[in-house]
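# Descriptive structure summary
Each chain is listed here by its residues.
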Amino acid sequence: MDPLIQSAPVIEIPTVGMIFPSETDIRLYYKAYSLGTGFGISKLGTKNGPDGKQKWFSLACAKNGVFTSRGKNILHPRPSIKTNCKARINVAVRNDGEVEITSVCLEHNHAMSPGKSRHLRSHKVLDLEVKRRLELNDEAGITLAKSFQSFVVEAGGYDNLKFDERSCRNFISESRKLRLGNGDAEALSQYFTLMQSKSPNLYYVYDLDEDSRIRNVFWADGRCRAAYQCFSDVITFDTTYLTNRYDMPFAPFVGVNHHGQSILLGCGLLSSEDSSSFIWLFNAWLTCMHGCAPKAIITDQCRSMAIAIERVFPNTKHRLCIWHIMKKLPAKFGAHTQYKSLKQTMKNIVYNSITIEQCDYEWMRMVDDFQLEDSDWLNSLYKERSKWIPVYVKHHFGQACQPHKEVKA
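Every value quoted in this text rests on a predicted model; they were computed, and no experiment measured them. (Residues numbered from 1 in each chain as written. Predicted model: local features only at pLDDT ≥ 70, side-chain atom pairs only at ≥ 80, totals over all residues. Heavy atoms only, no water.)

Okay, the sheet that holds strand S5 (residues 99-105) next. The strand order across the open sheet built from five strands is S1-S5-S4-S3-S2, with neighbouring strands paired in antiparallel fashion. Where the open sheet ends on each side, the last strands, each with one partner, are strand S1 (19-20) and strand S2 (41-48). Here strand S4 (residues 88-93) pairs with S5 via six bridges, running antiparallel. Opposite alanine 92, over in S5, you have glutamate 100 as the bridge partner. (Pairing = 2+ DSSP bridges. Helix = DSSP H or I, 4+ residues; strand = E, 2+ residues; numbered from the N terminus.)

Structure representation (structure tokens):
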């Protein structure tokens, strides 16, 4: 028998009626149980009550569900771990925050591998000590390959590790985004202090991680704050302008003045482009602007941005940037035999449609004429057409928020 399995603690089999102090506790329990049993886990099927709080969820085998391949080559389907396994526990959340198992299914429809379960995604763990050593070695110039090999030697072989080299590489990649150079954090603080002494209306705020390192930054000077009082109707938010040498996305808030000119309304540097970072940045900007949310906002198709906007600016009209969408045409359809004709047809539909009915009719005609029924990208654009095609958004966005940039393709 594998010595790891033999020495592993015995975890009680889940049964109906078991109660845990919190969701975190039951996840740790089920994770330990699945590790010893030989399967991975995932959370699914959450349900909220009238108050918006979570009332029910399931922890299931990672092989639950059925995989639907989107590949077009039926001779070489994409591999999948999904087997429609029904093993799971259903959990109810009490009013006091405790959670209780309400139903259990222990039967799996696939082979179990207790000796290899630590290699499954849900069981790959980098503890604090490993993370700290990885960061220290990276700062000292030690390559990731050498760092990982040292962990292998200490553990007595690859099979004894709870993580793989990819997990280490992903962590280092993320930690580098959070790490400023030697003295840079102090220099940044001194700069903002100096600027605030010259302009008392300068507003700045830091977001720190658990190790008190700068993760995100936002600032806006007095001119930005004054301009927003007059031009708060529509703003654009875009993180694709540039990234600096620290690989931190630059995120400016931009508005339009009465001359049709772009004006800066605040800036941010982000460690990552996830929803939590955007939520922090939008809240910081909203606080800076005395809680006055914009009437409308234009962004690219980033899902994380959409989540943050819905959370922080629930009453703000959200539109997708046409330029970002149309510039993807060469990448999406450049290999199409009728690309030039397709590009012109789509531009005519987007920019020249007068009524919604005309737009829908011409779109469906384009899909049929160019045989684009299987284009996932085009289908997703059509589902979100009310957020970006001018004929749909003209009632919420003025002329100033409909800039037309010619896409050279």
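The next point concerns the packing of aromatic side chains. For any pair of aromatic rings, the description rests on two quantities: the centre-to-centre distance and the angle between the ring planes. Taken as a whole and assessed by the stated rule, the structure comprises 23 aromatic pairs. An aromatic cluster of three or more residues is present, and its members are Tyr203, Phe218, Tyr228, Phe237, Phe253, Phe278, Phe282, Trp285 and Phe313. Sitting over the ring of phenylalanine 57, lysine 43 keeps its end group 4.9 Å from the ring centre. Positioned over the ring face of tyrosine 382 is arginine 385, at 3.9 Å from the centre of the ring. (Phe/Tyr/Trp six-rings, centres within 6.5 Å; stacked < 30°, edge-to-face > 60°. Lys NZ or Arg CZ within 6 Å of the ring centre and 35° of its normal.)

Attention shifts here to a negative patch on the surface. Together, Asp368, Glu373, Asp374 and Asp376 give the surface a local cluster of negative charge. As for its placement among the helices and strands, aspartate 368 is situated in helix H13 (residues 356-369). Note on aspartate 368: relative accessible area 51%, which makes it exposed. (Patch = residues over 30% accessible without salt bridge, like charges linked within 9 Å, V, L, I, M, F, W, Y side chains within 5 Å. Areas by Shrake-Rupley, 256 points an atom, 1.4 Å probe, with all protein chains shown as cover. Salt bridge = Lys/Arg side-chain N within 4 Å of Asp/Glu carboxyl O. Lys, Arg positive; Asp, Glu negative; His and termini not counted. Charge placed at Lys NZ, Arg CZ, Asp CG, Glu CD. Buried < 20%, exposed > 50% of the residue type's maximum accessible area, 1.4 Å probe, protein only.)

Over its 15 residues, helix H2 (residues 23-37) extends 21 Å from the first C-alpha to the last, a length consistent with the 21 Å expected when each residue adds 1.5 Å. Among the structural elements, S1, S2, strand S3 (54-61), S4 and S5 are those in contact with the buried residues of H2. Directly after H2, the chain includes glycine 38, whose backbone phi takes a positive value near 110°. (Expected span 1.5 Å × (residues − 1). Contact = heavy atoms within 4.5 Å.)

As for its placement among the helices and strands, aspartate 360 is situated in helix H13. Given the relative accessible area of 19%, aspartate 360 is considered buried. If near-sequence neighbours (up to four positions away) are discounted, aspartate 360 is found in contact with Tyr382, Arg385 and Tyr392.

Attention now moves to the sheet that holds strand S11 (residues 296-299). Sheet architecture is open: seven strands sit in the order S6-S7-S10-S9-S8-S11-S12, paired in mixed fashion. Both outer strands of the open sheet, strand S6 (203-208) and strand S12 (317-320), are each paired with one neighbouring strand and no more. Each neighbouring strand pair of the sheet contributes to a mean axis angle of 20°, computed without reference to strand direction. Pairing analysis gives three bridges linking strand S7 (residues 214-220) to strand S10 (residues 262-269), with the strands arranged antiparallel. Each residue of the ladder has a partner; that of valine 217, found in S10, is leucine 269. Helix H7 (residues 222-230) rests against S6, S7, strand S8 (234-237) and S10 of the sheet, and its axis sits at about 125° to S10. Those strands touched by helix H8 (residues 275-288) are S6, S7, S8, strand S9 (250-256) and S10, and its axis lies near 30° from that of S7. (Axes fitted to C-alpha atoms, helices over the stretch in contact; angles between N-to-C directions.)

With that out of the way, let us pick up the packing of helix H12 (residues 339-352) against H13. Where H12 contacts H13, the two axes come as close as 9 Å, and the packing angle between them is 165°. Between H12 and H13, the interaxial angle falls into the category roughly antiparallel. When you trace H12 past H13, the crossing you get is left-handed. Between H12 and H13, the residues in contact are Leu342, Thr345, Met346, Ile349 and Asn352 and Gln358, Cys359, Glu362, Trp363 and Met366, respectively. Split into classes, the residues belonging to the contact of H12 with H13 amount to six nonpolar, three polar and one charged. (Parallel < 35°, antiparallel > 145°, perpendicular 65-115°, else oblique. Left-handed = near helix turned anticlockwise from the far one by under 90°. Nonpolar A, V, L, I, M, F, W, Y, C, P; charged D, E, K, R; others polar.)

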